[in-house]
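Close look at the chain arrangement
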Amino acid sequence: MVNNILGSQANLSTMIALSVNNANQTSATPSLHSSGDLQAINDLQTNASKITDELLSQLNDETIYETISSNQKVGDILQQQLTSLFIITSTPSTLNYKLSDEELALRTVISSRHEGLLKNENSTQLIERLNTSVKNIQGAYANTSDILSSLGQLGHEQKTFLASSQQRVERTLNPYMESANRSKYEDDDNYLFELSVKTKEGDVINITFNSSQGFDEKTGEAVDGFGISYEVNGDLSEAEHATLTQVMAGVGEMADEFFKASENSFNPIIVPNQTDMSLDFLSGFNSEQLAGFNVSFSTTQNDALDTGENTLDLSYSIDEATNQQALVFKSQSGKNEIDFALDMSTIGAKDTQQMQQYLASLDQSLKDSRVNSTEDSKDSAFGRKGDETMQQGFALFKGAFASMSSAAERYSNLESLAEQQFNDGRAMVADLVDNMIENDPRYQGLGDKAPNTLGAGVSKLADFDATFSYALDSGDYQPKSTIELSQATEQTQLGELSGLTQSKNVSSHFDYQYSRPDYYDKEESYSVGTAVKNKELVGLDQSHEVDVDTKMYAFNPQTNQYELQMAMQEQTVSKSDIRLIDDIWLEENENSYNMNKKERVESDEKQDEFKQTSSHSYNKLVTLIGDLDKLAENKDVRREYLTNLSQVNFFMDKK
């Protein structure tokens with residue numbers, strides 16, 4: 001739909017079609033009505049005749065004449081014909097590459113409309129101007145055929161070349177797309193697409209497209225507002241142009257699926273299959289040529305059968321200066337609202353196991369938060385169709401999370417970042433931690449009262465903050481589910497000791513947006529701290545905590561209010577502190593569990609009678625393994641050990 005503005009072959013047709021057609025036009029070959037249009041055609045014919053004479057004169061050279069059959073020569077003639085259509089000569093600057101036929105055709109349409117805007121022409125005049133541009137482009141192909149025919153060089157190869165090129169351009173300028181869009185949506189709708197790309201050399205490419213459609217009650221006709229701008233600030237090299245074309249291909253595919261999902265979101269029968277959308281192309285983002293880009297989409301439609309407004313917005317940006325990438329997605333269709341955001345560093349490495357653990361943790365959080373807290377059946381609080389919509393949006397959220405992690409991995413592998421040794425340092429510590437907790441038989445480990453869904457050890461993935469929410473608004477029934485997942489890493493150096501701390505957090509929340517007091521909260525956190533000396537792990541602290549807080553109510557028609565049925569608070573904490581100095585293993589393990597529960601008891605004697613249950617447990621274990629005789633018998637050895645132990649403890653506390 002908005003693909004390939006810079007030359008690859010796909011669905012630019014809809015962009016230009018939205019400007020070419022009006023409510024009463026369905027013809028692929030627009031008719032001309034004004035004397036200005038006829039004059040434009042006469043000028044074109046005169047200009048084409050002049051160019052033809054010049055080319056015939058230039059091609060009298062025998063060597064050139066003999067090689068005119070090549071596609072390169074045919075392309076040169078066609079390029080001259082299309083270039084002659086430019087109305088504004090100050091087109092964006094390019095360097096070391098030839099514009100494609102699609103680019104020339106697009107710039108012809110844009111330059112013509114821009115001239116109309118400078119002259120303050122009305123919408124009817126602008127549409128006529130664009131229709132003329134389409135006619136002129138068709139004439140450029142006819143002129144090229146005439147030139148080749150005059151030279152006796154219009155053979156099968158040349159006809160095939162021209163037909164293929166014209167087919168691509170006609171797809172780009174296909175006027176039927178707008179009329180199809182209109183017949184489908186009789187109500188107001190708006191579309192917006194913006195793309196900004198910055199190269200390593202500082203060149204900036206900005207592309208903006210927007211259209212709006214509505215209904216004029218006075219005239220009884222559909223009315224349009226349309227705008228498109230294409231701007232290049234700087235000179236693009238051939239490599240930058242190739243990279244930009246590749247980015248546009250991926251952006252275009254995402255845009256096509258974006259608008260497809262938007263169309264389905266307006267259908268009361270079809271559940272929008274948002275999982276068709278993908279950010280997979282980000283994993284191939286060429287950071288060697290491009291410093292970053294920002295892409296955003298937006299669409300809005302008012303349904304005549306629904307007073308609500310359907311909207312779909314998406315934006316993605318990556319910035320080399322801050323080493324950050326960000327994604328925001330918002331979708332509202334009827335009663336359903338999906339909203340998620342991802343802020344992620346561009347510094348990170350591949351960690352398949354950790355990624356699987358994070359995705360599993362997200363799935364568990366969704367399972368926790370989607371259950372109706374007032375029913376034992378464990379049915380979704382959002383109903384069948386609402387739950388299906390939420391699941392699709394959640395799948396898109398997880399896919400975006402994985403794709404952005406892949407983009408960070410690719411970006412971190414650039415030679416320009418290798419000298420920072422960020423990933424190497426984290427990877428080394430991660431391997432040391434994994435070896436200790438997985439392979440060392442002395443390791444006691446964290447308690448297993450509450451399974452650690454976040455995964456133990458140091459994650460090599462890029463740090464991030466991610467939030468997903470889904471809401472269903474059915475009047476008094478307004479369930480909402482929110483899930484958050486994050487990872488943060490810090491590195492520290494103090495004397496001979498170095499290390500890092502990392503926290504992983506996931507939370508799920510469910511409530512009814514104040515329409516009823518039920519709610520469910522679950523938070524899980526895991527933190528790891530390390531101390532490294534001479535590339536050996538001398539300190540490892542871990543902490544895992546799970547907190548659950550929930551309340552369930554039931555409506556009492558006699559009192560006309562919701563009454564508490566059950567309230568519970570539950571906390572599980574596990575800690576492990578390890579020091580490995582002079583091959584002496586010292587480990588402290590603490591585990592605690594607390595639960596307070598309050599349940600309503602049905603009683604004829606008392607209106608509000610509750611049963612309260614509490615549970616508490618705590619244990620601590622200290623393990624010391626090694627050659628303890630040397631500590632008891634040699635005070636110098638003991639003094640050195642205690643000094644090193646104190647230094648490690650001080651380092652761990654400061655972090």
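The structure this text deals with has already been given above.
First, a word on scope: everything that follows refers to the structure included in this document. (Residues numbered from 1 in each chain as written. Predicted model: local features only at pLDDT ≥ 70, side-chain atom pairs only at ≥ 80, totals over all residues. Heavy atoms only, no water.)

1. With respect to the pairing of strand β10 (residues 497-511)
Definition in use: Burial classification: accessible surface area is computed with a 1.4 Å probe over protein chains only, and a residue below 20% of its type maximum counts as buried, one above 50% as exposed, and the rest as partly exposed. In this description a helix means any DSSP run of H or I spanning at least four residues, a strand means any run of E spanning at least two, and both kinds are numbered starting from the N terminus. Strands qualify as paired when DSSP identifies two bridges or more between them.
In terms of burial, β10 is a largely internal element, 11 of the 15 residues being buried. Sheet topology places strand β9 (residues 480-494) next to β10; 15 bridges connect them, and they run antiparallel. The partner of Q493 across the bridge, within β10, is S498. Counting the residues between successive antiparallel strands, the hairpin from β9 to β10 contains 2 residues, one of them, G495, with a positive phi of roughly 60 degrees. Pairing analysis gives 12 bridges linking β10 to strand β11 (residues 519-533), with the strands arranged antiparallel. The residue of β11 that forms the bridge with S508 is K522.

2. Things to note about the environment of D476
Within the element layout of this structure, D476 appears in the loop between β8 (464-472) and β9. Once the C-alpha coordinates of D476 and S515 are considered, the two residues, 39 residues apart in sequence, prove to be 5.8 Å apart.

3. Notes on the environment of L106
Structurally, the position occupied by L106 is in helix α5 (residues 101-118). Owing to a relative accessible area of 4%, L106 belongs among the buried residues under this scheme. Separated by 31 residues in the primary sequence, L106 and I137 place their C-alpha atoms 9.9 Å from one another.

4. Observations regarding the pattern of salt bridges
Inclusion rule: We define a salt bridge as a side-chain nitrogen of Lys or Arg found within 4 Å of a carboxyl oxygen belonging to Asp or Glu.
If you walk through the whole model with that rule in mind, you get 13 salt bridges. Note that E115 is salt-bridged to K119, the shortest N-O span being 4.0 Å. A residue is classified by how much of its surface remains accessible, and E115, at 23% relative accessible area, is partly exposed. Among the salt bridges present, the one from K522 reaches D368, with a minimum N-O distance of 3.3 Å. Here K522 is found in strand β11, whereas its partner D368 is found in helix α10 (residues 352-370), with 154 residues between them in sequence. The two residues K522 and D368 agree in class, both being buried. The structure contains a network of salt bridges with shared partners spanning D440, R442 and D583.

5. Focus: α5
Heads up, the rule is: A helix is expected to span 1.5 Å for every residue after the first.
The end-to-end C-alpha distance of α5 is 26 Å, a good match for the 26 Å that 18 residues give at a rise of 1.5 Å each. Taken across its 18 residues, α5 has 14 buried, putting it largely inside the fold. Of the residues trailing α5, N120 is marked for its positive phi of about 60 degrees.

6. Notes on the packing of aromatic side chains
Threshold: Ring pairs shown here join Phe, Tyr and Trp side chains whose ring centres sit within 6.5 Å, with only the six-membered ring taken for Trp; geometry is labelled stacked below 30 degrees between planes, edge-to-face above 60, and tilted in between.
Applying the stated criterion to the full structure yields 14 aromatic pairs. With a centroid separation of 5.0 Å and an interplanar angle of 75 degrees, the aromatic rings of F394 and F468 are classed as edge-to-face. On the criterion of sequence distance, the pair formed by F394 in helix α11 (residues 383-412) and F468 in strand β8 is long-range, its members being 74 residues apart. Under the relative-accessibility criterion, F468 is labelled buried at 0%.

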